[in-house]
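Chain by chain, the residues:
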Amino acid sequence: SLPDIRRLSEKSRAELEADIADLLYLLERREAGGDSSKKGARPSSFPVSTGPVQGRRDATDRLLQLRRDAQRGRGRAEAIRELDEFTRAHPQDVTGWIVLGDCRRLVGDYSGAEQACTAAIALRSDLYLTWYWRGIVFLQHERPKEAEADFTEALKLRPDFPGGWANRGVARKL
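Structural notes, computed from the coordinates. (Residues numbered from 1 in each chain as written. Predicted model: local features only at pLDDT ≥ 70, side-chain atom pairs only at ≥ 80, totals over all residues. Heavy atoms only, no water.)

Details of the overall build of the protein chain
Part 1: In terms of helices and strands, the protein chain carries eight helices and zero strands.
Part 2: What you see in the protein chain, going N to C, is helices and strands ordered as α-α-α-α-α-α-α-α.
Part 3: In the protein chain, which comprises 174 residues, the proportion classed as buried is 43%.
Part 4: Intrachain contacts of the protein chain at a sequence separation of at least 6 include 52% that bridge at least 24 residues. (Helix = DSSP H or I, 4+ residues; strand = E, 2+ residues; numbered from the N terminus. Buried < 20%, exposed > 50% of the residue type's maximum accessible area, 1.4 Å probe, protein only. Contact = heavy atoms within 4.5 Å.)

Quick look at the pattern of salt bridges
Part 1: One pass over the structure, following the stated rule, counts 13 salt bridges.
Part 2: Residues Asp 126 and Arg 124 are paired through a salt bridge, measuring 2.9 Å at the closest nitrogen-oxygen approach.
Part 3: Asp 126 gets classed as partly exposed once you look at its relative accessible area, which sits at 46%.
Part 4: Classification of Arg 124 as buried rests on a relative accessible area of 15%.
Part 5: Glu 146 serves as the salt-bridge partner of Arg 143, at 3.3 Å between the closest nitrogen and oxygen.
Part 6: The exposure class of Glu 146 is partly exposed, given its relative accessible area of 32%.
Part 7: Through salt bridges with shared partners, a single ionic network connects Arg 67, Asp 102 and Arg 105. (Salt bridge = Lys/Arg side-chain N within 4 Å of Asp/Glu carboxyl O.)

Digging into helix 6 (residues 128-140)
Part 1: Here helix 6 spans 19 Å end to end across 13 residues, near enough to the 18 Å set by a 1.5 Å rise per residue.
Part 2: With 12 of its 13 residues buried, helix 6 lies for the most part within the structure.
Part 3: For helix 6, every residue scored as buried is listed here: Tyr 128, Leu 129, Thr 130, Trp 131, Tyr 132, Trp 133, Arg 134, Gly 135, Ile 136, Val 137, Phe 138 and Leu 139. (Expected span 1.5 Å × (residues − 1).)

As for the side chain of Asp 150
Part 1: Relative to the elements of secondary structure, Asp 150 occurs in helix 7 (residues 144-157).
Part 2: On the basis of relative accessible area, Asp 150 is assigned to the buried category, the value being 3%.
Part 3: Beyond its immediate chain neighbours, meaning those up to four positions away, Asp 150 contacts Trp 131, Arg 134, Gly 135 and Phe 138.

Topic: unusual backbone geometry
Part 1: The phi angle at Glu 142 is positive, at roughly 60 degrees, despite the residue not being glycine.
Part 2: Topologically, Glu 142 is positioned in the loop between helix 6 and helix 7.

Structure, rendered in structure tokens:
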């Protein structure tokens, strides 16, 4: 039922936030020249550093703050404006594109959200979150076939992701 799906969606939101933090940590390690392919526990906070990685950490913190504010309905237009500037200045930053897509989705700009998520996929098609977020955009834009296909791609990359399973099920019901 729809209330059960919403409860599952809320539960998986916390897991998704943790996954985003993991993704950002791995991206930061890769930019710092560390081996991001090794499995292991992520530290409870980003390592303290200086130089480009510190700049990346600050940018990551700002991106996540913009996303949280937009989700709460605060400053969405300002967030989108800042994210547009960020992605123009840093077109290779997959996190910026994901967050921009999510913020555009929140204001109902599904075309812009799709474009941003597609840019993220073009950069990192090996990250399940890129496919997941575009699937969310398609789902909310009432394009269930495209949503199902993107959730399926996300699940190929991360088969244990509950948000992918729940949302693919929703897409199949539409």
